[in-house]
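Read off the chains here:
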Amino acid sequence: MKEFRKQFPVLTHSIYANTATSGLMSRGLQEWRQEHDLDFLTGGSTMKMESSGLIPQTRQTIGNFFGCSEERVALVQNFTLGINILLEGLDKTSKVLLLENDYPSLNWPFEKRGFPITYVPIDVDLEQHIWEKVETENPEVLALSLVQWLNGIKVDMDFLKKLKDSFPGLLIIADGTQFCGAFDIDFEESAIDVLGASGYKWLLAGYGNGFMLFDEKIQRRLKLNTIGFNSAGINTEAKDTFRFAKHFEPGHLDTLNFGSLNCSIKLLANIGIQNIEAHNKTLKDKAQRELTALGLLNDAIVRRKEHSTIFNINGNEEVYRHLEANKVICSQRGGGIRLSFHYYNSENDIDTIVASLKSGM
């Protein structure tokens, strides 16, 4: 992956261990955006009309990358908007299973609407907890992040398949914002009914873009009223005939933001998501081994088989400032320090961080 590091100027002056907060912008994306806006500057509405094909092209790119028919891809400004639109169509008596302390933009929309909710703790036995609650509480919906934002715990995708096989009526809604772009997934082959993600983290697409993917049977379980002229493709005759995914696109879609998503996913596809996942696994294994040796990881993280490249280490304000002074960009989250690594990181980055932690402890 070394040859791709030159796409990210931040890496020339810092160790970037903060993709879980915001992914980096590549030179390729910056150049595309600059050209797009120059065309808009000189062409105005003419340019917008000529670039209208970029929106369906983005749906196709997303569909190809994640294994979903483009007809069941919706473009949304972020996951938060997407999940709120979705829940307006879900029967409010539906019993829901959530994870304790999951990302607020996933849990809050359920809680605010008053759904009957049961929770499971996020620990080393996460999957066992989910299975037991599904078996005993019989929820109709399971909603969870595929990777946890605070500590990087990653749900076992094979477990979700087994769960779906045993409880086929369970509606599985997944937030992939901390997953998509770092790990491979074939939506059609997964157990997930709805997968949504914002593009500004691991997809490296900047802000103001995201997507929702839907299983073909989902529209039978949801009754959505969200609508606008764009839902009908700016066709007054299509008010009552547009496809389900267009409920999530009621208004104009920005070619800059969604074109950025298209551009960034094409870059990931060019590298190969399997190659990215393999590289990230190498980073994960090394970081987990080194941070465990320093005694900085929670026992649940050490003992789990499935994990991402996000780690929350034990460290106070002084340790955080020490890392910052050593040009390590990271975040304070959940009472600790969150480090997160993507394909533009190297094993040398981890070595440097470990050395810095040793000198600051």
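Before any of the text, the structure's been laid out above.
Here's what I pulled together on the structure shown here. Because the structure is predicted, anything quoted here is derived from the model rather than measured. (Residues numbered from 1 in each chain as written. Predicted model: local features only at pLDDT ≥ 70, side-chain atom pairs only at ≥ 80, totals over all residues. Heavy atoms only, no water.)

**Focus: unusual backbone geometry**
Phase 1 of the analysis: Even without glycine at this site, Leu-204 takes up a positive phi of about 60°.
Phase 2 of the analysis: Tracing the backbone shows Leu-204 in the loop between β7 (194-198) and β8 (210-214).
Phase 3 of the analysis: One non-glycine residue, Lys-327, lies in the positive phi region at around 60°. (Helix = DSSP H or I, 4+ residues; strand = E, 2+ residues; numbered from the N terminus.)

**What to know about the sheet that holds strand β9 (residues 310-313)**
Phase 1 of the analysis: Across the sheet, three strands lie side by side as β9-β12-β11; this open sheet has antiparallel pairing. With one partner strand each, in any of the chains shown, β9 and β11 (331-333) form the two edges of the open sheet. Neighbouring strand axes in the sheet, compared pairwise and without regard to direction, differ in orientation by 40° on average.
Phase 2 of the analysis: Across four bridges, β9 lies against strand β12 (residues 336-340) in antiparallel orientation. Bridge pairing in β12 links Phe-311 to Leu-339. (Pairing = 2+ DSSP bridges. Axes fitted to C-alpha atoms, helices over the stretch in contact; angles between N-to-C directions.)

**Observations concerning the environment of Leu-268**
Phase 1 of the analysis: Along the chain, Leu-268 turns up in helix α8 (residues 255-271).
Phase 2 of the analysis: The class of Leu-268 is buried, set by a relative accessible area of 0%.
Phase 3 of the analysis: Put simply, Leu-268 and Ser-51 are 217 residues apart on the chain and 22 Å apart in space, counted from C-alpha to C-alpha.
Phase 4 of the analysis: The contacts of Leu-268, once residues within four sequence positions are left out, are Phe-65, Gly-181, Trp-202, Leu-203, Ile-273, Ile-276 and Tyr-343. (Buried < 20%, exposed > 50% of the residue type's maximum accessible area, 1.4 Å probe, protein only. Contact = heavy atoms within 4.5 Å.)

**Side note on helix α1 (residues 27-43)**
Phase 1 of the analysis: Taking 1.5 Å per residue as the helical rise, α1 with its 17 residues ought to reach 24 Å, and the 24 Å between its terminal C-alpha atoms agrees with that figure.
Phase 2 of the analysis: Gly-44 sits one or two positions beyond α1 and adopts a positive phi of about 55°. (Expected span 1.5 Å × (residues − 1).)

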